[in-house]
Amino acid sequence: MANSKKIKSALISVFHKERVDEIVEKLEKAGVKIYSTGGTQKFIEGLGVAVTPVEELTSYPSILGGRVKTLHPKVFGGILARRDNPGDIEQLASYEIPEIDLVVVDLYPFEDTVASGASHADIIEKIDIGGIALIRAAAKNYSDVIIVPSRNEYDDLLEILDKQNAESTLEQREAFAVKAFATSSNYDSAIFNYFDKGQSGLFRAAFNNNIALRYGENPHQKGVFYGNFDAMFEKVHGKEISYNNLLDIDAAVALIDEFDETTFAILKHNNACGCASRNKLSDAWKAALAGDPVSAFGGILITNKEVDAETASDINKLFFEVIIAPAYAPEAMELLQSKKNRIILIRKKIEMPKVQYRTVLNGVLCQDRDTVQEQANDLKPATSLIPEADKVEDLLFANRLVKQSKSNTIVLAKNKQLLASGVGETSRVDALKHAIEKAESFGFDLKGAVMSSDAFFPFADCVEIAHGVGIDCVVQPGGSIRDQDSIDYCNDHNMSMVFTGTRHFKH
């Protein structure tokens, strides 16, 4: 093999010991001299395999409670020495430093320790120093050294030991180095974010998982998803998930999380085209579909309850791309799997990130996730007429929908059912007119419906138009210098209006 290097010596320093026995067995079989320290050394000795303690190499014991073990020229010299550099080789001989051809590291589990709720002192002790230095040193000298920076690369190493007689190519060593620098950068980002807590104005993010997508938003664009999709969902059926699917899935999850009661929603291009809350799931599905049976074709379906056989039987009549639920009855799953390409996801319980990122121009926008969810006591009456209890429920329902729709947006709802919405409009009046036209096209009676707006009304025109079709109750943030115009119109026409005090723009 071109540029091949035989592994003759190895340094192993790992936190977790899983599968280390496989590696050690192969190294011993290949006649590789093994160096180690601490718990890893004892583990290897327990396997009955010869291992040289790093302390024997350096003539220094592990000190400071294990904080300093491998940080020594006799370790790092053997890793960093350039085999084709006569001066380096001469110095190795002069200082009796052995060459180290393979470094295997599994870092202290810093992120897991933080996630466990451990004390600050315990978290500090899980900041790996020697391990991260070994990774960077071996990766820098990939021309001569293999670096295995985590358990994720064990299979790749074992294949070299098994099938290549412990010889590696330059291309393989470089590939290990790339993974090594990815591991170290992710580790440092995690430590930085733990200490920073968003206070310094600096931005660091790293993702170890990725899914190569068929393409991006359009077929001529490349697309990749960076993140741990499997932590959020179990994909049990269907074709490969696309870039646009992921955008819709994200919007669907954000919407359904607004509701506690049994709710079904249908989304298309990141906006709800159908949504309803009912006591029975099949009734919620039927009401959601009635909101816009045309747009529902090819949409994304989501619910916050287990899908039963009755509901699945109705759903199965519709062509859709994705369905998401926390669980499915066995009969429901069998029905839904009847279409080969239909994507079926089981949503797992996981805490959503509190911060959102978005690329803009040549940088990144960062903001807190909009977690404000108005309750009944947040609706402040602005008119003489105060909404009754059933109207309050509809106002809250509509307001949750408007929060998760693209601005400018108006939502019309009645009896906890989305009648229609106008989304992504440049004018709030246009959004309302679009919603009215759509609701009427599907035969909905808007008399007694409620209207929700994601932002304030700068003029009274929207409440005037709404009143003209029978809408008699309105929820909006308020805050316009001309709020009184809308208030006066509502008072003069027996309409009720409440302010939330919170704008919910979404772009």
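Above this text is the structure in question.
What you see is a predicted model, and the numbers here were worked out from it, not measured in a lab. (Residues numbered from 1 in each chain as written. Predicted model: local features only at pLDDT ≥ 70, side-chain atom pairs only at ≥ 80, totals over all residues. Heavy atoms only, no water.)

### Some points on the state of the cysteines
Put simply, the rule is: By convention in this document, the label disulfide applies to cysteine sulfur atom pairs within 2.5 Å. Whether a residue is buried, partly exposed or exposed follows from its accessible area with a 1.4 Å probe, protein chains only, as a fraction of its type maximum: under 20%, in between, or over 50%, in that order.
The full count for this structure, using the stated rule, is zero disulfides. Not engaged in a disulfide, the cysteine cysteine 273 finds its nearest cysteine sulfur in cysteine 275; these two sulfurs lie 10 Å apart. Classification of cysteine 275 by relative accessible area gives buried; the value is 0%.

### Notes on the sheet that holds strand β13 (residues 299-303)
Here is the rule: Pairing between strands is defined by DSSP: at least two bridges between them are needed. Helix numbering and strand numbering both begin at the N terminus, where a helix is a DSSP run of H or I of at least 4 residues and a strand a DSSP run of E of at least 2. The convention used is that axes are lines fitted to C-alpha atoms, helices contributing only their stretch in contact, and that angles between N-to-C directions extend from 0 to 180 degrees. Residue contacts are counted whenever heavy atoms from the two residues lie within 4.5 Å of one another.
An order of β10-β15-β14-β13-β11-β12 is seen for the six strands of this open sheet, with the pairing classed as mixed. The open sheet is flanked by β10 (233-237) and β12 (271-277), the only strands paired with a single partner. Ignoring strand direction, the axes of neighbouring strands in this sheet form an average angle of 20°. Relative to strand β14 (residues 320-325), β13 runs parallel, the two sharing four bridges. Considered in β14, the bridge of leucine 301 is made with isoleucine 323. Each of β10, β11 (263-268), β12, β13, β14 and β15 (343-347) touches helix α12 (residues 243-256); the most contacted strand, β13, lies at about 30° to it.

### Topic: the nonpolar core
Rule in force here: Among buried residues, those of type Ala, Val, Leu, Ile, Met, Phe, Trp, Tyr and Cys that are joined through side-chain atoms within 4.5 Å constitute a nonpolar core.
Membership of the largest hydrophobic core comes to 52 residues, with the highest contact counts inside it found for Leu27, Ile79, Leu102, Val103 and Ile147. Of the residues forming this core, the biggest block, seven residues, is contributed by helix α10 (residues 170-196). If you look at the next biggest cluster of nonpolar residues, it comprises 38 residues, including Met232, Leu255, Leu401 and Val402.

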